[in-house]
Amino acid sequence: MHKILVTGGAGYIGSHTVLELMNSDYEVVIVDNFSNSNPKSIDGIERIVGRRPVLIEADCSDYTQMLELFKKHNDIEGIVHFAALKAVGESVEKPLSYYKNNTLSIINLLSLLREFGGKHFVFSSSCMVYGQPDILPVTELTPLKPALSPYGNTKKIGEDIIKDAVLANTNISAIALRYFNPIGAHPSTEIGELPLGKPDNLVPFITQTAAGIRPKLQIFGDDYDSSDGTAIRDYFHVMDLAKAHVLALDRLFKGSNKSNFEVFNVGAGKGVTVLEIVKAFERVSGVKLNYEIVGRRAGDPDKVWADTSLAESELGWKVKSTLEDALLTAWNWEKKVRGI
Ligand code: UD1
């Protein structure tokens, strides 16, 4: 079994990926500082898989703590790196914290991976690196635009750091997965998304509104260039995203990668408006949502959806779940968390 360090493995996408890695016979060590996650997700993983991943509480941006971790687990062969600060608005207020945390973590992890002889690195990137693309669906060859926030910029800079580092050191190979909009939860409802405080993202906002925790969903803008005027994104099931990480690691371990740094879009490949999401949620949950249209949110692109043909041909990855499946699991998870 290959030993993999999963940073941020207690978080939303991290916990679902840990599950898939453990089900694919990877041995997982999680490192998480619980700045935006809950150790309870590890209990959920254990209940589903029947085994408990090793968990180390530490901060990836702290070199000394990471060195200790690598000394203890000196047989780590690869890293799946999720741990990062990720609130767009907060990143505008605290840019230095974002640049420090998100870039130092990458530098520490790559340095230690090289020092201890590990070879594989999978990075959690984002479609934010494209800004508002001129041509849709957006392919990996699309030139990147200036990021709309410090957070988005840390993803772009992160990709550059990784690319330069692996090209200079041919022993490490890396894959950056550019996520579109992952939603939903594991169907068992043992793990899911647990935003601390007010959610930033659409689907947790919808489920919290349906659960009666928030009085009203605000829809940010109805004057976009779309069928109903609301913005278009590419939503897909987080379990499908988790599988993409396993396939990326498999590719690196098999040596099927075509260069030391590869990038893949991961999304459903379909643009859906905010109002379409609201209607689909009402259909699958049977709950009528209270919502109002308000002004646009600063920094939001109009429309983004993925061309996923590269992930399909190279990784053998494609979404399997429908939007409705994903929304239903998000709702079931919210109901379980709230005891409804
Ligand atoms: C957001 C983040 C992005 C992150 C991604 C996945 C911003 C600007 N971008 O992208 O960095 O990688 O999530 O975590 O925050 N919406 C509403 N009402 C709400 C919330 C959202 O109408 O209460 C709308 C948004 O305007 C947008 C769509 O729903 O059109 C999706 O929003 P969201 O879930 O925040 O995702 P992104 O903006 O695509």
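Residues numbered from 1 in each chain as written. Predicted model: local features only at pLDDT ≥ 70, side-chain atom pairs only at ≥ 80, totals over all residues. Heavy atoms only, no water.

Peer 1: Help me understand the site of the ligand, please; the structure alone is not making it clear to me.
Peer 2: Taken together, 19 residues lie around the ligand, and Met128, Gln218, Arg233, Arg297 and Asp300 are the ones closest in. In this structure, an oxygen atom belonging to the ligand sits 2.8 Å away from a main-chain N or O atom of Leu202. Phe220 places a main-chain nitrogen or oxygen 2.9 Å from an oxygen atom of the ligand. Protein burial of the ligand: of its 730 Å² of free accessible surface, 89% is covered by the chains. When residues of the shell around the ligand are traced back to their parent elements, those giving at least two are helix 7 (202–210) and strand 8 (217–220). Ranked by residues supplied to the shell around the ligand, first place goes to strand 8 with 4 residues. Grouping the amino acids of the shell around the ligand by side-chain chemistry returns 11 nonpolar, 4 polar and 4 charged. (Near = heavy atom within 4 Å. Polar contact = N/O pair within 3.5 Å; in protein donor to acceptor, adjacent residues only side chain to side chain. Areas by Shrake-Rupley, 256 points an atom, 1.4 Å probe, with all protein chains shown as cover. Helix = DSSP H or I, 4+ residues; strand = E, 2+ residues; numbered from the N terminus. Nonpolar A, V, L, I, M, F, W, Y, C, P; charged D, E, K, R; others polar.)

Peer 1: I tried to follow the domain arrangement of the protein on my own but got confused; where do I start?
Peer 2: One frequent convention defines the size of an interface as the accessible area lost when the parts assemble. Partitioning the protein into structural domains gives domain 1 (3–183 + 236–266) and domain 2 (202–233 + 269–338). Between the C-alpha centres of domain 1 and domain 2 there is a distance of 24 Å. Of the residues lining the interface, 27 residues belong to domain 1; the matching set on domain 2 comes to 26 residues. Each partner contributes to the roughly 2300 Å² buried at the junction of domain 1 and domain 2, and carbon and sulfur atoms together form 68% of this total. (Domains from an automatic or database assignment. Contact = heavy atoms within 4.5 Å. Buried area = accessible area lost by both parts, 1.4 Å probe.)

Peer 1: Help me understand the packing of helix 7 against helix 9 (residues 274–285), please; the structure alone is not making it clear to me.
Peer 2: Pairs of packed helices are described in terms of their axes, by the angle between the two and the distance that separates them. As a packed pair, helix 7 and helix 9 sit with axes 11 Å apart at the nearest point and diverge in direction by 40°. By the angle between their axes, helix 7 is oblique relative to helix 9. When you trace helix 7 past helix 9, the crossing you get is right-handed. For the pair formed by helix 7 and helix 9, the contact residues are Leu202, Ile206, Thr207 and Ala210 on the first element and Val274, Ile277, Val278 and Phe281 on the second. (Axes fitted to C-alpha atoms, helices over the stretch in contact; angles between N-to-C directions. Parallel < 35°, antiparallel > 145°, perpendicular 65-115°, else oblique. Left-handed = near helix turned anticlockwise from the far one by under 90°.)

Peer 1: Which parts of the structure should I look at to understand the nonpolar core?
Peer 2: Side chains that are nonpolar tend, in soluble globular proteins, to be buried together. Judged by nonpolar contacts, the single largest core of 44 residues is most densely connected at Val6, Leu21, Ile45, Val80, Leu177, Phe180 and Val266. Put simply, the parts of the chain that give this core at least two residues each are strand 1 (3–7), helix 1 (12–23), strand 2 (27–32), helix 2 (40–49), strand 6 (173–179), helix 8 (238–254), strand 11 (261–266) and helix 10 (309–315). The element that contributes the greatest number of residues to this core is helix 8, accounting for 8 residues. Summarising the domain contributions, this core has at least three residues from each of domain 1 (3–183 + 236–266) and domain 2 (202–233 + 269–338). Not counting the four nearest positions on each side in its chain, Val266 is found in contact with Leu177, Arg178, Tyr179, Phe180, Phe236, Leu241, Ala244 and Trp317. Formed by 27 residues, the second largest nonpolar core is a distinct cluster that contains Ile56, Phe70, Phe121 and Ala174. (Core = buried A, V, L, I, M, F, W, Y, C linked by side-chain atoms within 4.5 Å. Buried < 20%, exposed > 50% of the residue type's maximum accessible area, 1.4 Å probe, protein only.)

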